[in-house]
Amino acid sequence: MSLLSKIKAVHIAGIALVSLSAGTVFAQKTCKNLYPCGECAVFDNNGNDLAGFTKNYKNQANINGGKVVDLSSGEWGYLLIRTANVPSVSTKWETKGDLNHAASIRSTLVMNKAKEGLVATWWARECNLDNGALIQLKVKDDKNVAMEMARHEKLMSGLATRKFTLVEYLDTFNMRDYDYFLKNHIVAKCGAINQADYKGVVEFFNGFLGKFSYVDDPVVAKMSFITFYEGASHTRYMGYFNIVNSKLSGTLEAIDIQYEKDRELLARRTFKNLNGSTIYVYGDDSFGLDKTFIKYAKNNDVKLRRRATNTSSKFNQDR
């Protein structure tokens, strides 16, 4: 390379570095405030806070969570969550401590049901970013919360030993949170699981987990899974799972397919959320979706395989 070419290369690299730095600074400037108001998240946000959540949904957490814990003999964990928009707090010296309602931060409010009872916690992410640093601020008074409170790290570390954790959400959720905190987990909209079906759901997914020699396996890491189960209530459930951080990360929903276009929409939405190079359809009845899934897989160069619940082979044995 000539001297002139080297000078040009250095010059271009310098411009790129300045542009990258400017982009980083710009991204930081768009985040006006890093943190939510801790007191607001816990008890001072017009009921859209942890105190209001624990008061209004305590019974639901006890009932649903109690079923999951009892039916799994304590091997499963349970969380009931909701999201609250909490005003952020200014950190600028001239306005330090002022609340900014226009720049609110989504905060996750949590109840954990265990044999010992209910425990509450909360967390948020810096700058309201899905991948922002997880935070939980100390508050002066948490007596308004209707149950024991815990640091989210401590609460979640206890759940990390469970075979599965069922996370039921009221409004929205950030899957990154549970991919980070939990071991194997299933996220479902609150109310999607019929009360008569919790027993069957626990048994079905225990059976599904039993089809793995172990989940922390490079072979399994390349796979994704679609599961089908019909409960005692005759509600039909479909779940889809990826392997994230060497764990099963999945969502579960009740489905009611009426028209062909519904099948196609469901197929597109489901496969869009899967990242494995091989996708397994697991269950004894796919509720008329086989042809749609096969067609989608063929048109999109997706490797699709079928597994019934009585199959004795493990996913780890497939290559």
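Residues numbered from 1 in each chain as written. Predicted model: local features only at pLDDT ≥ 70, side-chain atom pairs only at ≥ 80, totals over all residues. Heavy atoms only, no water.

(A) Structural view of the overall build of the protein chain. Of regular secondary structure, the protein chain possesses 8 helices and 12 strands. For the protein chain, with 319 residues in total, the buried portion stands at 45%. Counting only contacts in the protein chain whose residues sit at least 6 apart along the sequence, the fraction spanning at least 24 positions is 66%. Split by element, the accessible area of the protein chain, about 16,800 Å² in all, is 51% carbon and sulfur. (Helix = DSSP H or I, 4+ residues; strand = E, 2+ residues; numbered from the N terminus. Buried < 20%, exposed > 50% of the residue type's maximum accessible area, 1.4 Å probe, protein only. Contact = heavy atoms within 4.5 Å. Areas by Shrake-Rupley, 256 points an atom, 1.4 Å probe, with all protein chains shown as cover.)

(B) Region of the structure containing the state of the cysteines. The final tally for this structure, using the stated rule, is 1 disulfide. Shown here is the disulfide that connects C37 with C40, its sulfur atoms set 2.4 Å apart. Linking C37 and C40, the disulfide has an S-S dihedral of approximately 75 degrees and is accordingly described as right-handed. What makes C37 buried here is its relative accessible area of 8%. (Disulfide = S-S within 2.5 Å.)

(C) Broad picture of the nonpolar core. One finds L166, F205, F208, F225 and L248 to be the most contacted residues of the largest nonpolar core, which totals 52 residues. The leading source of residues in this core is helix α6 (residues 198-209), at 7 residues. Setting aside anything within four residues of it in sequence, one finds F205 in contact with W76, F164, I186, T227, F241 and L252. Formed by 16 residues, the second largest nonpolar core is a distinct cluster that contains I81, W123, M156 and Y178. (Core = buried A, V, L, I, M, F, W, Y, C linked by side-chain atoms within 4.5 Å.)

(D) Inspection of the pairing of strand β6 (residues 164-169) at higher detail. Where burial is concerned, most of β6 is hidden: 6 out of the 6 residues are buried. Burial along β6 is two-sided: F164, L166 and E168 facing one way and T165, V167 and Y169 facing the other are all buried. As paired elements, strand β1 (residues 76-89) and β6 share 6 bridges and run parallel to each other. Counterpart to W76 in the pairing with β6 is F164. For β6 and strand β7 (residues 185-189), the ladder comprises 5 bridges, and the chain directions are parallel. In the strand pairing of β7, T165 is matched with H185. Handedness of the β6-helix α5 (residues 175-181)-β7 crossover: right-handed. (Pairing = 2+ DSSP bridges. Right-handed = clockwise from strand over helix to strand, strands pointing away.)

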